[in-house]
Amino acid sequence: MSVSTRQEWKTVRFEVLEKTESLPSLSAVVSEFLALARRDFFTAKDFEVVISKDQALVARLLKVANSGMYGRSRSINSIPEAVVMIGVDNLKKIVYAVSGEGLTRQCLTNYDFHPAQGFWLHSLGIANATKVIVEALPKCDIHGEEGFVAGLLHDVGKLVIDEFLPRGTSRRVTRQEEIDAVGLDHSELAEYILKLWNLPESTARAVCHHHDYELCDGDVSGSIALALAQSVCETWGLGRTETLDLSAEVPVENFQDLITSLGLDPKKWDQVIWDIRQSLVGLDDLFIKEN
Ligand SMILES: [Fe+2]
Ligand SMILES: [Fe+2]
């Protein structure tokens, strides 16, 4: 059996496609959210209508909203209350994080993420950073919300490939090792998965080229934004270590090529880094242990 990626057809093992199709899927509300966010006008009521279609998501969302991350004097019991008390922007962030939990909570045995919540922190961290970066750009082929979802799912292919790699200690896995194991690298497989879930073409494309944008024609600004987000988050070792430490400096000179390719004004760099740090503070508190 084969799947179409980029221009060529590649042979992929049947078990790989089977595993891909059995991944816990994103809540359907995510694509509805992306469609909503594309509209000029987005109210708290619209938010509530979409969310209430997934009661499991509502329950989880309220649990996170009550987790102590947001200072409040009493508990939040409904979505309208949550909207008022923690704001639509924070709630949207939680919706995406919670929607992707089935995927990002999983442990990868062959990749070099921290075993406890490394893959989760890496995915959520890059989601937040990509959103901040695309919002700071004069022009990008993915908008803010899409940037978040692209970041959240950019490495989802690793979840499938992990099971087909020869067992070994956690380390950097090369693209060639991934191709040898399943016939595709993790970015190509992620594109396939995002298309399977009907996420926008632009999001799937950004994810597909997050490691090889230099080899692609056309607008790959979404992929470059993802690469920049990844590079910034690596400075802090996000997902590689147990605790979240954002104290390392992030000097503009280290990212010059990516900043220039994106057309980002270097004078805005300090603000972008400030906004990324703000979006990541307390991120580890969102990871609620099941009980
Ligand atoms: Fe990554
Ligand atoms: Fe990656």
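Right above here is the structure, for reference.
Computed from a predicted model, the values in this text were never measured in an experiment.

1. Regarding empty space enclosed by the protein
The full count for this structure, using the stated rule, is two cavities of 30 Å³ or more. Reported here for the largest cavity is a volume of approximately 60 Å³. The wall of the largest cavity is formed by 14 residues, among which Q106, H114, P115, G118 and F119 lie closest to the centre. Sorting elements by how many residues they give to the lining of the largest cavity places helix α8 (residues 118-136) first, with three residues. Tallied by class, the residues present in the lining of the largest cavity amount to eight nonpolar, five polar and one charged. Estimated volume of the second largest cavity: approximately 40 Å³. Lining the second largest cavity are D89, K92, K93, Y96, K131, E145 and F148. Elements represented by at least two residues in the lining of the second largest cavity include exactly α6 (88-99) and α9 (144-153). Of all the elements, α6 adds the most residues to the lining of the second largest cavity, at four residues. By residue class, the composition of the lining of the second largest cavity is two nonpolar, no polar and five charged.

Quick notes on the rules
Residues numbered from 1 in each chain as written. Chains lettered and ligands numbered in written order. Predicted model: local features only at pLDDT ≥ 70, side-chain atom pairs only at ≥ 80, totals over all residues. Heavy atoms only, no water. 1 Å grid on protein atoms, 1.4 Å probe; cavity = no way out; pocket = protein on both sides within 12 Å on 5 of 7 lines; lining within 4 Å. Points joined across faces, edges and corners; volume = space filled by probe spheres on them. Helix = DSSP H or I, 4+ residues; strand = E, 2+ residues; numbered from the N terminus. Nonpolar A, V, L, I, M, F, W, Y, C, P; charged D, E, K, R; others polar.

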